[in-house]
Amino acid sequence: MSRIEFFFTLLAVVCIYAAIRGGQPERRAVVIFIIGIAMTLIAAPLSADRYAEIEFGIFAADLLILLAFMMLALSAERYWTIWICAMQVIQVLSHIPKMIIPELLPQAYYIVIAFWVYPMLLTLAIGTYRHQQRLRQFGVDRSWSDFSSSRESMMHQR
């Protein structure tokens, strides 16, 4: 199995698990991941000199993904959302070495900007598992913070 096949298999397994077994925050994270991956694939050039220069399209996609995860973290009653935000901040900051050192090898740049999605997906899977544990233990697991301005915070919490 190639690393691309492994990644898309992991993405599919985690997203399906979170969509089926997760609460609203986990489901929103699935949407963010899927849209984020689509934006990244659209933004990624198909040229032979890929990652030889800063990938501004991927950088922009990473910033938008960060904004979406920040919005989720600010409204969700989940600690894992903070961890995913922190990892996405690192993801965004991973573009800086290429800005500072243009001679950075394309493969090194690719590895640095591609790495963080793996622990982020693992964090979503663990968050979904913990959601299920809280449901079993307490019968309820609040999705939204009292300080959230989302409509869901006023509705019945799952």
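So, here is what we can say about the structure in this document. Nothing here was measured: the structure is a model prediction, and the numbers come from that model.

Turning our eyes to something else, we now look at the packing of aromatic side chains. Aromatic rings considered in pairs are described by the distance between their centres and by the relative angle of their planes. On inspection of all chains with the given rule, the structure shows seven aromatic pairs. Ring geometry for Phe-6 versus Tyr-118: centroids 6.1 Å apart, planes at 20°, classification stacked. Linking Phe-6 in helix H1 (residues 3–21) with Tyr-118 in helix H7 (residues 117–138), this pair joins segments that are 112 residues apart in sequence. Ring centres 5.1 Å apart and planes at 70° place the aromatic pair Phe-7 and Phe-8 in the edge-to-face group. Connected via pairs of aromatic rings, a cluster forms that spans Phe-6, Phe-7, Phe-8 and Tyr-118.

Here we take up a nonpolar patch on the surface. On the surface, a cluster of nonpolar side chains totalling about 640 Å² of accessible area is made up of Phe-56, Val-89, Leu-93, Ile-96, Met-99, Ile-100 and Ile-101. At the level of elements, helix H4 (80–93) and helix H5 (96–100) are the ones that each hand at least two residues to the nonpolar patch. The element best represented in the nonpolar patch is H5, accounting for three residues. Note on placement: Met-99 falls in helix H5. Residue classification places Met-99 among the partly exposed residues on the basis of a relative accessible area of 40%.

Here is what the cut-offs are and how they apply
Residues numbered from 1 in each chain as written. Predicted model: local features only at pLDDT ≥ 70, side-chain atom pairs only at ≥ 80, totals over all residues. Heavy atoms only, no water. Phe/Tyr/Trp six-rings, centres within 6.5 Å; stacked < 30°, edge-to-face > 60°. Helix = DSSP H or I, 4+ residues; strand = E, 2+ residues; numbered from the N terminus. Patch = residues over 30% accessible without salt bridge, like charges linked within 9 Å, V, L, I, M, F, W, Y side chains within 5 Å. Areas by Shrake-Rupley, 256 points an atom, 1.4 Å probe, with all protein chains shown as cover. Salt bridge = Lys/Arg side-chain N within 4 Å of Asp/Glu carboxyl O. Buried < 20%, exposed > 50% of the residue type's maximum accessible area, 1.4 Å probe, protein only.

Note that every value here comes from positions in space, so none of it alone points to a role or purpose.
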